[in-house]
Amino acid sequence: MAKRASSGRTVVGAVAAATAVAGLALALGAPAAGAATHGAAGSGDAAVRTLRVQPPPFLKPAELPPHASSAWFAGPVTAGLPDPEPFCLDGGVLPAGEGTYHRFFHTDYDTHAAQVAVVTGSAEQARRLAASWETTVAGCAADWLRNTPGGTAAWDDYGTVAVGDGAHVYGVHTSVPDSEPGVHLFAVGRSGARVTVVHWAQMGDLTQAPVSAFKKTAKAAVVKLGWTVGR
């Protein structure tokens, strides 16, 4: 069974059998001190060289899409991979080197978000890492369906944001019988040797995703990648 999202790139399906759950995922934070030691980390099928440096500035709660009934709250910026890793970006997609940082955000309701930022060894490495994240997110709905009997899923490409060296926004919807559906937004962006992904999620479907507000969030996240540490 196929389902189509707003502008149509959506994949979808259902398969027989019982439940596996897509939970609404989270994401991110990050500080780390230090000078210039190098760390190697895997992401996708290519190694990414990360640098142990201070993290770039992260999003603030007020820069996330407004919630109708709650303020946003942020955890600390934290070195290393987030736990749990964001939906669609788990299982080795994010590099685990010393230049990886994350921050989690939450509301009083189910809506939550996360940001991961990686300081790589070069602008070319950042470009390759961002491209691999985009490919993973674009294929997430189909990948999820293969592992979720009875589920349905959809995705949409919401286009690019003109900021830094570029940002791209995607949406993913997942649902299993007898469970609340989940909607996710992803923004992947880069500036120089730094790359970031922002993940937003709540119960619902793609028609309820705050795409315009999330594009502003994406822009703010990438602008900050270009800031000097301490600004």
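One can find the structure itself at the top, above this paragraph.
Predicted model only: the values in this text are computed from it and were never measured.

Enquirer: How do you make sense of the overall build of the protein when you look at a structure like this?
Expert: Of the regular secondary structure elements, the protein holds three helices and ten strands. The secondary structure elements of the protein, listed N-terminal to C-terminal, are β-β-β-β-β-β-α-α-β-β-β-β-α. The 231 residues of the protein split such that 51% are buried. Of the contacts formed within the protein by residues at least 6 apart in sequence, a portion of 67% connects residues at least 24 apart. Of the accessible surface of the protein, which amounts to about 9900 Å², a share of 55% is contributed by carbon and sulfur atoms.

Enquirer: Before we go on, may I ask you to explain the nonpolar core in this structure?
Expert: A general trend in soluble globular proteins is that nonpolar side chains are found buried together. Ranked by size, the top nonpolar core spans 25 residues in total, and within it Phe 87, Leu 89, Trp 133, Val 172, Phe 186, Val 195 and Val 197 carry the most contacts. Only strand S6 (112-119), helix H1 (123-138), helix H2 (140-146), strand S7 (152-161), strand S8 (167-175), strand S9 (182-191) and strand S10 (194-203) provide two or more residues apiece to this core. Tallying contributions element by element places H1 first for this core, with five residues. Formed by 24 residues, the second largest nonpolar core is a distinct cluster that contains Leu 64, Leu 206, Val 211 and Val 222.

Enquirer: So what exactly am I meant to see when it comes to helix H3 (residues 211-225) here?
Expert: The periodicity of an α-helix, 3.6 residues per turn, causes residues three or four positions apart to be oriented the same way. For H3, with 15 residues, the first-to-last C-alpha span of 21 Å sits near the 21 Å given by 1.5 Å per residue. Those residues of H3 lying buried are Val 211, Phe 214, Thr 217, Ala 218, Ala 220, Ala 221, Val 222, Lys 224 and Leu 225.

Enquirer: Sorry if this is basic, but what is going on with the side chain of His 168 here?
Expert: Relative to the elements of secondary structure, His 168 occurs in strand S8. For His 168, a relative accessible area of 13% gives the class buried. Among the polar contacts made by the side chain of His 168, one reaches the side chain of Tyr 170 at a distance of 3.3 Å. If sequence neighbours within four positions are ignored, His 168 has contacts with Glu 134, Asp 157, Gly 159, Thr 160, Phe 186, Ala 187 and Val 188.

What counts and how
The numbering scheme is per chain: residues are counted from 1 as the chain's sequence reads. Only residues with pLDDT of 70 or above have their local features reported here, since the model is predicted, and side-chain atom pairs are shown and tallied only from 80 upward, although totals for entire chains, interfaces and linings are computed over all residues. Side-chain descriptors were evaluated using all non-hydrogen atoms of the structure, hydrogens and water having been removed beforehand. Secondary structure elements are defined from DSSP: runs of H or I of at least 4 residues count as helices, runs of E of at least 2 residues count as strands, and each element is numbered from the N terminus. The classification of residues rests on relative accessible area computed with a 1.4 Å probe and restricted to protein chains. Under 20% of the type maximum is buried, over 50% is exposed, and intermediate values are partly exposed. A contact between two residues is defined here by any heavy atoms of the two lying within 4.5 Å. In this description, accessible areas are obtained by the Shrake-Rupley approach with a 1.4 Å probe, and a residue is regarded as covered only by the protein chains that are shown. For the purposes of this section, nonpolar cores are sets of buried Ala, Val, Leu, Ile, Met, Phe, Trp, Tyr and Cys residues that join through side-chain atoms within 4.5 Å. Given the number of residues in a helix, its expected span is that number minus one, multiplied by 1.5 Å. In protein, a polar contact means a hydrogen-donor-capable atom and an acceptor-capable atom, both N or O and within 3.5 Å, with residues adjacent in sequence counting only if both atoms are side-chain atoms; elsewhere, any N or O pair within 3.5 Å suffices.

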